[in-house]
Amino acid sequence: MPGNAVNGGGSGAPGAPAASHLRARGVTRHYGGALPVHALGPIDLDLVRGEFFAVVGPSGCGKSTLLDVLAGLSPPSEGEVVFEGAPVRGEVPDGIGAVFQEDASFPWLTVRDNIAFGLRRTGVDAAEIRRRVDYAVGFMGLKDFSAAYPAQLSGGMRQRVCIARTLVLQPRFILLDEPFGALDQQTRLLMGDELLRLWRETGATILLITHALDEAAMLSDRVGVMSARPGRFIDSLTTGWPRERDSRIVAEPAFGAVTARLWSLLRVESLKAIGTAGAAAP
Amino acid sequence: MSRTAAVAWTRAAVIVGAVVLVELLCHSGVIDPLTLIPPSEMALALADLVASGRIADDIVQTFSTVATAFALSVAAGFLAGALLHALPRVRRAVDPLLASYYAIPFFVFYPLLIALFGLNTIPLVVIGFVFATAAMVISTLNGLDRVPPVLVKAARMLHLSPARTILLVTLPAAAPYLFTGLKLALAYSFIGVIAGEFILSGGGLGFSIAFAYTNFDNRTMYALMLFVLAVATVMNMGLHVWEQRLLRRRARA
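So, on to the overall build of chain A. When its secondary structure is counted, chain A shows eight helices and eleven strands. In summary, chain A has a C-alpha radius of gyration of 19 Å against a globular reference of 19 Å for 282 residues, a match within 12%. Expressed as a percentage of its 282 residues, the buried residues of chain A come to 55%. Considering only contacts in chain A between residues 6 or more positions apart, those separated by 24 or more positions represent 71%.

So, about the pairing of strand 8 (residues 173-177) of chain A. All names here are of chain A. Taking burial as the measure, the five residues of strand 8 include five buried ones, the bulk of the element. Burial of the side chains of strand 8 extends over both faces: Phe-173, Leu-175 and Asp-177 are buried on one face and Ile-174 and Leu-176 on the other. Where strand 7 (residues 96-99) meets strand 8, four bridges bridge the pair, whose relative direction is parallel. Each bridged residue has a counterpart across the sheet, and for Ala-98 the counterpart in strand 8 is Leu-175. Where strand 8 lies against strand 9 (residues 205-209), five bridges are found, and the strand directions are parallel. Looking at strand 9, one finds that Ile-174 is bridged to Ile-206.

All right, on to helix 8 (residues 162-199) of chain B then. The terminal C-alpha atoms of helix 8 of chain B lie 47 Å apart, and with 38 residues this falls more than 12% below the ideal 56 Å at 1.5 Å per residue. Bending of helix 8 of chain B peaks at approximately 65 degrees at the position of Ala175(B), with proline Pro176(B) no more than four residues after it.

So, on to the packing of helix 2 (residues 39-52) of chain B against helix 10 (residues 218-250) of chain B. For any two helices packed against each other, the geometry comes down to the angle between their axes and how far apart the axes lie. All names here are of chain B. Packing of helix 2 against helix 10 brings their axes to within 8 Å, and their N-to-C directions diverge by 85 degrees. Considering the angle they form, helix 2 stands roughly perpendicular to helix 10. Contact residues: Glu-41, Met-42, Ala-43, Leu-44, Ala-45, Leu-46, Asp-48 and Leu-49 in helix 2; Arg-219, Thr-220, Tyr-222, Ala-223, Leu-224, Leu-226 and Phe-227 in helix 10.

Residue and element names in this part refer to chain B. On the surface, a cluster of nonpolar side chains totalling about 660 Å² of accessible area is made up of Ile-104, Val-108, Phe-109, Leu-112, Leu-116, Phe-117 and Ile-122. Within the secondary structure, Phe-117 sits in helix 5 (residues 110-117). Look at Phe-117 and you get partly exposed, because its relative accessible area is 36%.

This part covers the interface of chain A and chain B. Contacts between the two partners involve 29 residues from chain A and, on the opposite side, 19 residues from chain B. Interface of chain A and chain B: buried area, both sides summed, is about 2200 Å²; carbon and sulfur atoms make up 67% of it. Here chain A is connected to chain B by one salt bridge. Note that Asp68(A) and Lys153(B) form a salt bridge whose closest N and O atoms lie 3.2 Å from each other.

In the structure shown here, the tally under the stated rule is 23 salt bridges over all chains. A salt bridge links Glu128(A) to Arg131(A); the shortest N-O distance between them is 3.0 Å. Taken together, the residues span about one helical turn, with Glu128(A) and Arg131(A) both in helix 3 (residues 126-139) at a distance of three residues. For Glu128(A), a relative accessible area of 24% puts it in the partly exposed group. For Arg131(A), a relative accessible area of 48% corresponds to the partly exposed category. For Arg91(B), the salt bridge goes to Asp95(B), with nearest N and O atoms at 4.0 Å. Of this pair, Arg91(B) and Asp95(B) both sit in helix 4 (residues 88-99), separated by four residues, roughly a single helical turn. The class of Asp95(B) is partly exposed, set by a relative accessible area of 33%. The network of salt bridges with common partners includes Arg49(A), Glu84(A) and Arg172(A).

Residues and elements named next belong to chain B. Taking 1.5 Å per residue as the helical rise, helix 3 (residues 56-86) with its 31 residues ought to reach 45 Å, and the 45 Å between its terminal C-alpha atoms agrees with that figure. Within helix 3, the full set of buried residues consists of Asp-58, Thr-62, Thr-65, Val-66, Ala-69, Ser-73, Val-74, Gly-77, Gly-81 and Leu-84. Against the buried residues of helix 3 lie helix 4, helix 6 (121-145), helix 8 and helix 9 (205-214).

Mapped onto the elements of the fold, Pro123(B) is located in helix 6. Put simply, Pro123(B) and Ala93(B) are 30 residues apart on the chain and 29 Å apart in space, counted from C-alpha to C-alpha.

Glancing now at the sheet that holds strand 7 of chain A. Residue and element names in this part refer to chain A. As summarised here, the arrangement of the six strands in space is 7-8-9-4-10-11, forming an open sheet in which the pairing is mixed. Two strands lie at the open edges of the sheet, namely strand 7 and strand 11 (233-238), each paired on one side alone. The mean angle between the axes of side-by-side strands here comes to 15 degrees, regardless of whether they run parallel or antiparallel. In the sheet, strand 10 (residues 222-226) pairs with strand 11 via five bridges, with the strands oriented antiparallel. Residue Val-223 lies in a different strand from strand 11, and its bridge partner there is Leu-237. Most of the contacts of helix 1 (residues 63-71) go to strand 8, to which it runs at about 155 degrees, and overall it touches strand 4 (52-56), strand 7, strand 8, strand 9, strand 10 and strand 11.

Let us now look at the environment of Leu266(A). Residues and elements named next belong to chain A. Mapped onto the elements, Leu-266 comes out in helix 7 (residues 253-273). Overall, Leu-266 belongs to the buried group, its relative accessible area being 4%. Taking C-alpha positions, Leu-266 is 7.6 Å from Ser-227, a pair spaced 39 residues apart along the chain.

So, about the nonpolar core. One finds Leu45(A), Leu70(A), Ile115(A), Leu175(A), Leu207(A) and Leu262(A) to be the most contacted residues of the largest nonpolar core, which totals 102 residues. Per element, the largest residue contribution to this core is six residues, and it comes from helix 4 (residues 155-167) of chain A. A domain split of this core shows at least three residues from each of domain 1 (5-95 + 174-279) and domain 2 (102-170) of chain A. With 25 residues, the next largest nonpolar core counts Leu36(B), Val193(B), Ile194(B) and Ala223(B) among its residues.

Turning next to the side chain of Thr220(B). Residue and element names in this part refer to chain B. Residue position: Thr-220 is located in helix 10. Note on Thr-220: relative accessible area 13%, which makes it buried. If near-sequence neighbours (up to four positions away) are discounted, Thr-220 is found in contact with Leu-49, Arg-54 and Ala-212.

Turning our eyes to something else, we now look at the domain arrangement of chain A. All names here are of chain A. Considered domain by domain, chain A is made up of domain 1 (5-95 + 174-279) and domain 2 (102-170). The straight-line distance from the C-alpha centre of domain 1 to that of domain 2 is 26 Å. Domain 1 puts ten residues into the contact, and the matching count from domain 2 is ten residues. Summed over both partners, the interface of domain 1 with domain 2 buries about 900 Å², with 70% contributed by carbon and sulfur atoms. A per-residue breakdown of the area domain 1 buries against domain 2 is headed by Met-191, Glu-194 and Leu-198, which together make up 41% of the total. For the salt bridge of Arg-160 with Glu-194, the shortest nitrogen-to-oxygen distance reads 4.0 Å.

Analysis parameters
Residues numbered from 1 in each chain as written. Chains lettered and ligands numbered in written order. Predicted model: local features only at pLDDT ≥ 70, side-chain atom pairs only at ≥ 80, totals over all residues. Heavy atoms only, no water. Helix = DSSP H or I, 4+ residues; strand = E, 2+ residues; numbered from the N terminus. Rg over C-alpha atoms; globule rule 2.2 N^0.38 Å. Buried < 20%, exposed > 50% of the residue type's maximum accessible area, 1.4 Å probe, protein only. Contact = heavy atoms within 4.5 Å. Pairing = 2+ DSSP bridges. Expected span 1.5 Å × (residues − 1). Bend = angle between axes of the 7 residues up to and from the residue. Axes fitted to C-alpha atoms, helices over the stretch in contact; angles between N-to-C directions. Parallel < 35°, antiparallel > 145°, perpendicular 65-115°, else oblique. Patch = residues over 30% accessible without salt bridge, like charges linked within 9 Å, V, L, I, M, F, W, Y side chains within 5 Å. Areas by Shrake-Rupley, 256 points an atom, 1.4 Å probe, with all protein chains shown as cover. Salt bridge = Lys/Arg side-chain N within 4 Å of Asp/Glu carboxyl O. Buried area = accessible area lost by both parts, 1.4 Å probe. Core = buried A, V, L, I, M, F, W, Y, C linked by side-chain atoms within 4.5 Å. Domains from an automatic or database assignment.

See the structure below:
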């Protein structure tokens, strides 16, 4: 069965031929056991280098499974993922970083040691580690807290520590799994601004998984809409925002049109996911 | 005064008050000196015992036996716990045994251990080890169960090998529970060894307490009991302070 194709647009013109930074073809994920589950796919996906791509879909549609497979944390049951020309199969390739919804800061380390943790294990010399950590601490607004432990920080600040820990490794492809899911709306908007700044400065390709349609609409160049489980891409939408943008975009009339379009694509799938598609669909 | 300081002062006042009360009851004759000697006399008797060097060998024997039982139980308990955590099917089979482990009166096997190993410190090490190991196994399982999976995922994203993930992420994340295991293993090793010495042994603090008891030597008996109590309290408090320091860093604000 062919996967639903979501082709790269991003910084290039939509539909323009461009070498994929990340390509997925016919990717599925099944889980065995007493009750076998077909969790994902088939999925086809092309991401252009430097693109900000968001994935939205109903609860339980396999968004996080998709992230695991693309990051190399979990091998696909079928199909293949190719990152920078090399296949990804259950091993995290160099150049990919991920930030998760749950707090993944190490509570026994200070903010500074948390951020330097991965870097210290890559053979980078001490001066370079110091330089990159100083930059990340400043960039993420953690200067006054570098000696603090995660327990002394708010949820948003702990998430910034996790982003900084990924940032210092200078990934070329960053996967974000609902990183602001546990934060309040105002903080999410501001964290979104920081994420856009990070994206512009690093030039990394970003794939953001979110359940918040406004977040997807505000941050991304392109949004892929997934079906109820097993998750497949049913459509994709190009937002058309300029690269220089921030959370003030939510006041634009076009922003409302993008979120409305996303919801119209997602509504039936969300109803299916909660088991009331027949009763409530128009 | 902070709330913590107030609690500490209240606790100290309760202990001092109880000791003073026992002292007064002993001196007033309400408590028969054949039953209990005044705490002040216990302390003096202990000072005499320590100064005379009479209990030096007992102290060395008991503490070296406890240390051996403790070290073995922590190592074996941790390894068994880690293994059971990695093998969920075996764990399901072993779980009921672990849950009912402390329902077994291990001391009934002590004569058998003496028959097997002779009247030396080996049966004591074995009884202390058997008594303490399950606590370490259970704490290790508890700790490993509570390591958030996202931390292990983060370790994979940071390209840590499985061995480094265990050393640098899993163990520190499980540390508070492993610490509980250490505390329990120490307490159980102590109980196992001293109780074993009580039942049948040629030396050690437990043996000396039992010997003084059978000879109506209340002064020595209570002095030794005070010594054991003081050592257990100091060790426990030391571990408690260390644990609190560890937990304070992690307590969510």
